[in-house]
Amino acid sequence: MKRNYKLTISYDGTRFFGWERQPGKDMTIQGKLESVLSKMTGVTDGEKVNVIGAGRTDAGVHARAMTANVVLDTDKTESEIQDYMNTYLPEDISVNEVKACSDRFHARYNALGKTYRYTCWYGASKPVFDRKYVTILDKEPDVIKMQEASEYLIGTHDFKSFCGNTHMKKSTVRCVDNIKIERSGNYIRLYFHGNGFLQNMVRILTGTLLEVGYGNIEPEQVKEILEACDRQKAGPTARPEGLCMMKVDY
């Protein structure tokens, strides 16, 4: 019997070309999930297992709790599906929960909010055991100025200046309701929560706030960058390894 299942997934994105399946690229999160589920359900070439994710993380980006849904025709229980997937998925992808859900549940369309965390490291030593999950900074940023600048980004705005897709045809208006920047020892962590994020948006926001921290952009200039709706006005796109999707709200 066909049923819709909600999946909660963690992955280390280091080796992958991002979430979304791509022609000619075997190493995508979506592709690996669909391949294992196709084998589990015995689908033929004419059929297709379609795993729908709450978002599309970029190459090298990680997730602690990506949510997805998939319609499966199987007699296996939820725990049996989870066990099968974790047996045959690579070691850097884990299915943490499988739950049968309403036929109407859609991981992307029903998402109310998402939390991302970007982790930086600054110091004389090296983060040997975290090196795949942090971005190492060349100089120390002013976290207080970064937090001051982030206040201009809170609210519902057109975030076109912070979108990596300069040919975006759909609306670039999003609501970011919280940005928190914390320092703990050598770690600097930026948390972003909003109703949705554009392509590369969190990494461009991070890159811009770091430029404020380095003194290259004044905090109040972030308002002008936002209002310009011009990607060229914003800071660089921060590296992918520091970014992790933390949670999806429903």
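Refer to the preceding data block for the structure.
Parameters at a glance
Residues numbered from 1 in each chain as written. Predicted model: local features only at pLDDT ≥ 70, side-chain atom pairs only at ≥ 80, totals over all residues. Heavy atoms only, no water. 1 Å grid on protein atoms, 1.4 Å probe; cavity = no way out; pocket = protein on both sides within 12 Å on 5 of 7 lines; lining within 4 Å. Points joined across faces, edges and corners; volume = space filled by probe spheres on them. Helix = DSSP H or I, 4+ residues; strand = E, 2+ residues; numbered from the N terminus. Contact = heavy atoms within 4.5 Å. Salt bridge = Lys/Arg side-chain N within 4 Å of Asp/Glu carboxyl O. Buried < 20%, exposed > 50% of the residue type's maximum accessible area, 1.4 Å probe, protein only.

*Asks:* Please explain the layout of surface pockets as it appears in this structure.
*Replies:* One water molecule sets the probe size; rolling that probe over the atoms shows where empty space is left. Size it by volume and the largest pocket reaches roughly 970 Å³. Forming the boundary of the largest pocket are 32 residues, of which Gly55, Arg56, Phe197, Leu198 and Gln199 lie nearest the centre. Contributing elements (two or more residues each) for the lining of the largest pocket: β5 (113-121) and α4 (201-213). Here the element with the most residues in the lining of the largest pocket is α4; it accounts for 3 residues.

*Asks:* So what exactly am I meant to see when it comes to the environment of Arg64 here?
*Replies:* Tracing the chain through its elements places Arg64 in strand β3 (residues 62-73). Residues Arg64 and Leu153, 89 residues apart in the sequence, show an inter-C-alpha distance of 25 Å. Residues in contact with Arg64, not counting those within four places in the same chain, are Ile9, Ser10, Asn96, Arg117, Cys244, Met245 and Met246.

*Asks:* Teacher, can you tell me more about the pattern of salt bridges here?
*Replies:* A side chain with one charge can pair with a side chain of the opposite charge if their charged atoms come near. For the structure on display, the rule yields 10 salt bridges. Across the pair Glu140 and Arg183 runs a salt bridge, and its minimum N-O distance is 2.8 Å. In this pair, Glu140 sits in the loop between β6 (135-136) and α3 (143-150) while Arg183 sits in strand β8 (residues 173-184), placing the two residues 43 residues apart along the sequence. Assessed through its relative accessible area of 36%, Arg183 is described here as partly exposed.

Taken by themselves, the reported measurements are silent on function.
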